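Analysis of the macromolecular model
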Amino acid sequence: QLGLHPISLRFLDPGREHGYTSAKSPSLMVATATTVWFIVLCSFCMVATFRFSRDDHPSDECFAISWMRYMVAFVCLSVWVCVAVWATFPFLHRRWSPWSQELFVGMFVAIFVWPVIIMSEWHSAALLGYDPLEVYGKTSQVVETPMLLALVSYSALIHWSLSLRWIS
């Protein structure tokens, strides 16, 4: 028996918990840095494909949705770069306890799954209060493949970078 708390999956013995988090901390930071830099690279590629010209959009609603997606991508990209720099350089995260590092990374990946959903044009329209069928036309097809692929990729990267107890 490992002596784990049933909800938090922390070890009941404080010494064992400290030993576990201290041993996993360097690999957690390397995995986090690698994962977040990969997400930053993918985000740069995605932002490069955005259409910024008003002529590219059939309506004002489409233009507003495109700009909202661009602003969300810009804010998330800025935060991701900051976290990637923090995880890359040990002198920045060395002052944090291993438990704090693990908690921060777990909360970060849980919160930053929302941009994946917002990048879907269909979901962005609904979020802004527009009817997607009116904005994109009744004959438009909803293609959720990129969003689902991004969610699966994000989940795979997170499962690779976080320790098992944060994934449970």
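See above for the structure.
Residues numbered from 1 in each chain as written. Predicted model: local features only at pLDDT ≥ 70, side-chain atom pairs only at ≥ 80, totals over all residues. Heavy atoms only, no water.

Attention shifts here to the overall build of the protein chain. For the protein chain, the helix and strand inventory stands at nine helices and zero strands. Tracing the protein chain from N to C terminus, the helices and strands come up as α-α-α-α-α-α-α-α-α. Within the protein chain, the proportion of its 168 residues that are buried is 36%. The contacts in the protein chain between residues at least 6 apart in sequence include a share of 69% that link residues at least 24 apart. Split by element, the accessible area of the protein chain, about 10,200 Å² in all, is 69% carbon and sulfur. (Helix = DSSP H or I, 4+ residues; strand = E, 2+ residues; numbered from the N terminus. Buried < 20%, exposed > 50% of the residue type's maximum accessible area, 1.4 Å probe, protein only. Contact = heavy atoms within 4.5 Å. Areas by Shrake-Rupley, 256 points an atom, 1.4 Å probe, with all protein chains shown as cover.)

One recurring pattern in soluble globular proteins is that nonpolar side chains are buried together. V36, V72, W80, F108, F112 and Y154 are the most contacted members of the largest nonpolar core, which has 19 residues in total. Mapped by element, the contributors of at least two residues to this core are α1 (14-48), α2 (60-88), α4 (98-111) and α8 (145-161). For this core, the element with the most residues is α2, which contributes eight residues. The residues contacting F112, other than those within four sequence positions of it, are C76, V79, W80 and Y154. Grouped together as the second largest cluster of nonpolar side chains are six residues, L28, A33, W86 and A87 included. (Core = buried A, V, L, I, M, F, W, Y, C linked by side-chain atoms within 4.5 Å.)

Now for empty space enclosed by the protein. A full pass over the atoms with the stated rule returns one cavity of 30 Å³ or more. Considered as a void within the structure, the largest cavity measures approximately 50 Å³ in volume. What lines the largest cavity is a set of eleven residues, and nearest its centre among them are V36, I39, F108, V109 and I158. Residue assignment for the lining of the largest cavity shows that the elements contributing at least two residues are α1, α4 and α8. Counting residues per element, the lining of the largest cavity draws most heavily on α1, at four residues. For the lining of the largest cavity, a count of residues per class yields eight nonpolar, three polar and no charged. (1 Å grid on protein atoms, 1.4 Å probe; cavity = no way out; pocket = protein on both sides within 12 Å on 5 of 7 lines; lining within 4 Å. Points joined across faces, edges and corners; volume = space filled by probe spheres on them. Nonpolar A, V, L, I, M, F, W, Y, C, P; charged D, E, K, R; others polar.)

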